Amino acid sequence: MLDDQATLADSCQTSVQGGVDLRRTAANPDYWYPLAWSDELKAGQIIGRRFAGDPIALYRGASGKVFALEDRCAHRQVPLHLGVVTGDALKCHYHGWAYDCSGKCTDVPYLGKERRPNGVRSYPAREIDGLIFIFPGRPELAEARLPASLGSAQRRDYKTRRLNREVACHYTFMHENLFDMNHQFMHRKQMGSIRASCLGRKHGDGWAQVEYSFSRTEGKSSVGERVIVDLMRTRGDEHQDFRDHMQIRTDYPAQSLKVWVGRNIQETQDPVLDVWLCYTPLDAQQRTNRTFGYLSVKKPPIPGLIHLAWPFVVWFTENIFREDKEIVEYEQRAHDAQGSDWNNEVFPPLRDLREVLARCGVPF
Ligand code: FES
Ligand SMILES: [Fe+2]
């Protein structure tokens with residue numbers, strides 16, 4: 001079990017993030033960040049997105065490959081995403097300057113070859129499990145840092161829904177909110193009274209992990225919650241000696257949440273719930289993020305049951321995420337009003353996480 005109250009207080013005194021204001025810590029650009037869903041971009045299409053204030057044009061060439069260029073024509077600075085795709089190249093909407101997928105200017109229709117200007121910046125771009133990622137940092141680091149897969153989103157024995165919303169807060173509030181299951185109190189209307197017990201914590205250079213079990217202190221579970229958890233128990237399990245078990249982990253810059261129930265308790269076994277999340281900062285001050293994620297539920301043994309129950313799962317998770325979005329936006333407003341991070345964090349796993357986020361991020 002978790003350290004007692006005295007240890008909590010001690011660790012609170014001794015562990016500070018070196019005076020770093022976490023909300024003035026930029027997301028480290030030397031990682032991959034999702035900017036769009038693969039199916040938002042058909043061959044020949046272009047969309048304009050942002051990473052931390054930088055405009056980026058994503059387009060899918062005739063070859064089916066996705067490319068990312070700075071979304072600003074080198075000529076008169078208009079957005080390239082207004083332009084047209086020709087083959088694997090892009091033509092600006094205004095005067096038709098052409099850029100290849102590396103951003104090099106390959107044609108100015110009214111000038112000779114010898115007078116071609118410089119092009120625009122390009123970013124490594126890659127599709128993984130239905131999401132389009134870009135690497136905004138040093139391109140030589142890109143290949144080694146590519147995520148392998150995004151939870152269980154591609155598995156047929158799971159049913160998966162997308163998580164996709166803009167939240168007006170710094171990305172670090174998102175990490176902390178998910179990591180900290182002591183806020184179940186806020187979800188009392190959705191889940192009744194639940195008490196989280198911390199089972200342990202671990203952390204390393206670029207990651208932090210916390211594990212919990214839960215007990216109900218009052219009220220009943222909602223239908224959506226029961227679908228995710230209770231349906232996975234086989235008959236008779238309630239007489240076994242088992243505990244539900246949740247693991248939340250930040251592997252900078254992404255985050256995951258997994259739940260095992262009943263006999264399915266070993267981490268080597270499939271979790272019943274597998275959530276993957278990444279928070280892409282949108283504006284230059286990184287006061288807004290777009291959350292991209294997948295929520296995957298292991299299909300219960302009764303065929304078709306998951307589809308019947310799915311609307312409840314969606315309803316339940318939407319309510320939970322709406323409450324989380326509201327509260328982290330309040331946290332951001334408090335930071336804006338106070339001008340610095342006044343948070344008084346007392347929970348050691350959260351302090352681990354804050355240190356990882358401070359260490360991996362880049363001060364503004
Ligand atoms: S502004 Fe893009 S070609 Fe002129
Ligand atoms: Fe929450």
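Remember, it's a predicted structure, so these values are computed and weren't measured experimentally.

Conventions adopted
Note on numbering: residues in each chain are counted from 1, in written sequence order. Following the order in which they are written, the chains are lettered starting with A and the ligands numbered starting with 1. For a predicted model such as this one, the threshold for reporting local features is a pLDDT of at least 70, and the threshold for listing and counting side-chain atom pairs is 80 or more; totals across whole chains, interfaces and linings nevertheless cover every residue. As a rule here, side-chain values cover all heavy atoms of the structure and leave hydrogens and water aside. For Na, K and Ca the donor cut-off is 3.2 Å; for every other metal, N, O and S atoms count as donors within 2.8 Å. Water does not enter the count, which can leave sites looking incomplete. Sites are called tetrahedral only when four donors show all angles between 85 and 135 degrees, square planar or octahedral only when four or six donors show opposite pairs over 155 degrees and all other angles between 65 and 115, and irregular in any remaining case. The numbering of helices and of strands both runs from the N terminus, where a helix is a DSSP run of H or I of at least 4 residues and a strand a run of E of at least 2. Type-normalised accessible area, obtained with a 1.4 Å probe on protein chains alone, sets the label of each residue: buried when under 20%, exposed when over 50%, and partly exposed for intermediate values. When checking whether two residues touch, look at their non-hydrogen atoms; a contact exists if any pair is within 4.5 Å. Scored between 0 and 100, pLDDT is the confidence that the predictor attaches to each residue. For two strands to pair, DSSP has to find at least two bridges joining them. Here a polar contact is recorded for every N or O atom pair within 3.5 Å, except that within protein the pair must consist of a potential hydrogen donor and a potential acceptor, and residues adjacent in sequence are included only if both atoms are side-chain atoms.

Turning our eyes to something else, we now look at the coordination of the iron ion (ligand 2). Protein coordination at the iron ion (ligand 2) comes from His 183 (NE2), His 187 (NE2), Asp 324 (OD) and Asp 324 (OD), with a distance range of 2.0 to 2.4 Å. Bound by four donor atoms, the iron ion (ligand 2) shows angles of 58 to 146 degrees at the metal and therefore irregular coordination geometry. Between the donor residues of the iron ion (ligand 2), the gaps in sequence give the motif H-x3-H-x136-D. Separated by 137 residues along the polypeptide, His 187 in the loop between helix H2 (171–179) and helix H3 (188–191) and Asp 324 in helix H5 (residues 305–338) bring together distant segments of the chain. Side by side, His 187 and Asp 324 carry an identical accessibility label, which is buried.

You can see Glu 331 is positioned in helix H5. Given a relative accessible area of 30%, Glu 331 falls into the partly exposed group. Considered as a pair, Glu 331 and Cys 169 are 162 residues apart in the sequence and their alpha carbons are 7.8 Å apart. Dropping the residues within four chain positions of it, Glu 331 is found in contact with Phe 173 and Asn 343.

Time to look at the confidence of the model for the chain. Looking at the chain, pLDDT values average 89 and 86% of them are 70 or higher. For residues 235–242, every residue scores under 50 in pLDDT, and the model assigns this stretch six contacts once sequence neighbours within four places are set aside.

Spatially, four strands are ordered E6-E7-E8-E9 in an open sheet, and the strand pairing comes out antiparallel. Two strands in the sheet have a free side with no partner beyond their single neighbour: strand E6 (84–86) and strand E9 (105–107). Where E6 meets strand E7 (residues 89–91), three bridges bridge the pair, whose relative direction is antiparallel. Paired with Thr 86 across the two strands is Ala 89, which belongs to E7.

For Gln 286, the location among the structural elements is in the loop between strand E18 (273–281) and strand E19 (289–298). Side-chain polar atoms of Gln 286 contact the backbone nitrogen of Ala 27, separated by 2.9 Å. Those residues in contact with Gln 286 that sit more than four places away from it in its chain are Thr 25, Ala 26, Ala 27, Ala 52, Cys 169, His 170, Tyr 171, Pro 281 and Phe 364.

Another point: the sheet that holds strand E3 (residues 46–51). Strand pairing within a sheet occurs via backbone hydrogen bonds; the two strands may be parallel or antiparallel. Pairing within the open sheet is antiparallel, and its four strands lie in the order E3-E4-E5-E10. Looking at strand neighbours, the two that pair on one side only are E3 and strand E10 (122–123), the edges of this open sheet. Relative to strand E5 (residues 66–70), strand E4 (residues 54–60) runs antiparallel, the two being bridged by five bridges. In the strand pairing of E5, Arg 60 is matched with Val 66.

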